[in-house]
Amino acid sequence: MKEKYTFDEIVTHLKSSGFVYQGSEIYGGLSNSWDFGVLGSWLKKNIKDLWWKEFIEKSPYNVGIDSAIIINPKAWEASGHLAGFSDAMVDCKECKGRFRADNMIQDATGLSAEGKTPEEMDQMIEENNIKCPVCGKHNFTKARPFNLMFKTFIGTLEDSKSTVYLRPETCQGIFINFNNVLRTSRKKVPFGIGQIGKSFRNEITPGNFIFRTGEFEQMELEFFCKPGTDLDWYKYWVDYCFNFVKKLEINEENLRVREHDKKELAFYSKGTSDIEYAFPFTDWGEVWGIADRTDYDLKQHSEYSGKDLNYLDPETNERYIPYCVEPSVGVERLFLMICCDAYERQQLDENDERIVMHLHPALAPIKACVCPLSKKLSEPATELFNELSKEFYCEYDESGSIGKRYRRNDAIGTPFCITYDFDSENDNCVTVRDRDSMEQSRIPISELKDYIKARLIF
Ligand code: GAP
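Residues numbered from 1 in each chain as written. Predicted model: local features only at pLDDT ≥ 70, side-chain atom pairs only at ≥ 80, totals over all residues. Heavy atoms only, no water.

1. Here we look at the sheet that holds strand β5 (residues 98-100)
- Sheet architecture is open: three strands sit in the order β5-β4-β6, paired in antiparallel fashion. This sheet does not close on itself; its edge strands, each paired only once, are β5 and β6 (144-147). Here the strands of the sheet are splayed against their neighbours by 50° on average, with no regard to which way each runs.
- The sheet contact formed by strand β4 (residues 86-91) and β6 spans four bridges and is antiparallel. For D87, the partnering residue across the bridge sits in β6 and is F146.
- This element, helix α5 (residues 101-109), spans β4 and β5 of the sheet and lies at about 80° to β5. (Pairing = 2+ DSSP bridges. Helix = DSSP H or I, 4+ residues; strand = E, 2+ residues; numbered from the N terminus. Axes fitted to C-alpha atoms, helices over the stretch in contact; angles between N-to-C directions. Contact = heavy atoms within 4.5 Å.)

2. A word on the nonpolar core
- One finds W51, W288, L334 and M337 to be the most contacted residues of the largest nonpolar core, which totals 60 residues.
- Only α1 (7-16), α2 (38-57), β10 (215-225), α9 (230-247), β12 (271-277), β13 (285-292), β16 (323-330) and α11 (331-342) provide two or more residues apiece to this core.
- Looking at which element gives the most residues to this core, the answer is α11, with nine residues.
- Not counting the four nearest positions on each side in its chain, W288 is found in contact with W51, F55, C241, F244, V245, S273, D274, I275, P327, S328, V329 and L334.
- The next biggest cluster of nonpolar side chains, apart from the first, holds 19 residues, and it includes A368, F416, Y420 and Y451. (Core = buried A, V, L, I, M, F, W, Y, C linked by side-chain atoms within 4.5 Å. Buried < 20%, exposed > 50% of the residue type's maximum accessible area, 1.4 Å probe, protein only.)

3. Some points on the sheet that holds β13
- The mixed open sheet is built from seven strands, whose spatial order is β3-β9-β10-β16-β13-β12-β11. Across the chains shown, the open sheet's two edge strands, defined by having one partner strand only, are β3 (62-64) and β11 (255-259). Looking at each pair of strands side by side, their axes are set apart by 20° on average, direction ignored.
- Both β3 and strand β9 (residues 191-200) contribute to a ladder of three bridges, which runs parallel. What sits directly across from V63, in β9, is I193.
- This element, helix α8 (residues 178-185), spans β3, β9 and β10 of the sheet and lies at about 135° to β9.

4. Remarks on the site of the ligand
- For the ligand, the set of nearby residues contains 19 residues, the closest of which are E169, E203, E220, E286 and V287.
- Taking T213, its main chain carries an N or O atom lying 2.9 Å from a nitrogen atom of the ligand.
- Between E326 and the ligand, the recorded distance is 2.9 Å, taken from a side-chain N or O atom to a nitrogen atom.
- Calculation on the ligand without its partners gives an accessible area of 550 Å², and the protein chains cover 87% of this total.
- Those elements giving two or more residues to the shell around the ligand turn out to be β10, β13 and β16.
- Among the elements that make up the shell around the ligand, the one with the highest residue count is β16 (four residues). (Near = heavy atom within 4 Å. Polar contact = N/O pair within 3.5 Å; in protein donor to acceptor, adjacent residues only side chain to side chain. Areas by Shrake-Rupley, 256 points an atom, 1.4 Å probe, with all protein chains shown as cover.)

5. Some details on the pairing of β9
- Within β9, nine of the ten residues are buried, which leaves it mostly tucked inside the rest of the structure.
- Bridging between β9 and β10 involves ten bridges; their strand directions are antiparallel. Note that in β10 the partner of F200 across the bridge is E215.

6. Notes on the pattern of salt bridges
- Applying the stated rule across the entire model yields 38 salt bridges.
- Here E54 makes a salt bridge to K58, at a shortest N to O gap of 2.7 Å.
- Given a relative accessible area of 8%, E54 falls into the buried group.
- Judged by its relative accessible area of 46%, K58 falls in the partly exposed class. (Salt bridge = Lys/Arg side-chain N within 4 Å of Asp/Glu carboxyl O.)

7. Quick look at the packing of helix α12 (residues 378-389) against helix α15 (residues 448-456)
- One way to put it is that α12 packs onto α15 with a least axis distance of 11 Å and a crossing angle of 45°. When the axis of α12 is compared with that of α15, the two are oblique. Here α12 runs over α15; the crossing is right-handed. In contact with L384, E387 and L388 of α12, α15 contributes L448, K449 and I452.
- Within the contact of α12 with α15, the residues separate by chemical class into four nonpolar, no polar and two charged. (Parallel < 35°, antiparallel > 145°, perpendicular 65-115°, else oblique. Left-handed = near helix turned anticlockwise from the far one by under 90°. Nonpolar A, V, L, I, M, F, W, Y, C, P; charged D, E, K, R; others polar.)

Shown next, in the form of structure tokens:
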């Protein structure tokens, strides 16, 4: 297992190397808002592309959609978000700090307050004499629910009739399109509908960098199956998601699948598992949730919309509301897990240290960096760069010593540095230096694309 680094060290690296920027930095920032930089936007894109490939393109069952962020507010009544999508929060009467009650209790005592009512949380705060994490005093308001949906208005009037919400999850856009997809895709149960898109939650306790933010992207699959087959599909998707994470080359010792016990389950769920990662800031943090949601969502939307969402089985002529298994993951959570796992500071010898991001080549923002040994070789090296750029996102770097160029690329996870030297003119070969092993191989230029391609396979 790789040495664990502090979260601060990893975050500093991600900020300084162009993966993540503080949101609205020139205006002093905005609470819990982050921008993804030159490298970070590539890493996000690569994560999303891999998910889409594995969950939509390669799956014989699934199709994808892209639904609206703002949908008819009745859908949020049906889903239960208007009434129940809230965390209990408390305010410190002394310093006016606002905290999520369950997090504050957990941090202060190690006790879980998951599933507790606000009254039960008040009691835990009193019994354990919990102090404010900011000012250290014990003087709180009662815990009360706080709806996590961002509100806005549609049209010119700002009243209750024009109130709409930014979606807090992408899946409801899938449920409300169930009939549309059935009608237009010729899919039969079992089948799944996936989508990738932004979700928004007014999180009371944001934090831990990009782990929990107000604006994030989700990759969700709603997999519809015949009632009675749902638990088998649930197991299938838990394994499928776990394999996906393992294929990202995440250190298995830092991973686990945790099945929720009965008390933790949402009332409509027959089973839920989280894929968790040992983040440096906590013991285990949720990355991916896989839930058997039964027929709850389609039934609710059927009732609130008045539209029949029954499925007519063409083989048996049975009519039923399909059960749904949902694997749901945040792009930024995967991003953070990948970066925490990939980061390494290596002491090469007494005076030489390097930072290296061991990203799977398919995830690496820059696939190869073309480095002419001398500026005199700019022309043929640029030609090589132009040729490779037709296939991969590459960089061209002729500044500084070769050693420095290697280090720069190691630190951002570029798997290959390609040195064009004076011999290249005669033997039509280049030196390919591997990021992880630091080994160098002489490769014919004519084979270079295939050489790189073979290592990008996921
Ligand atoms: N449709 C089910 C659903 O949204 P969830 O457990 O609330 O379930 C699913 O969210 C996943 O979305 C989480 O496992 C996490 O990866 C990601 N996620 C949720 N809230 C987030 C936040 N505030 N910031 C970043 N990612 C978040």
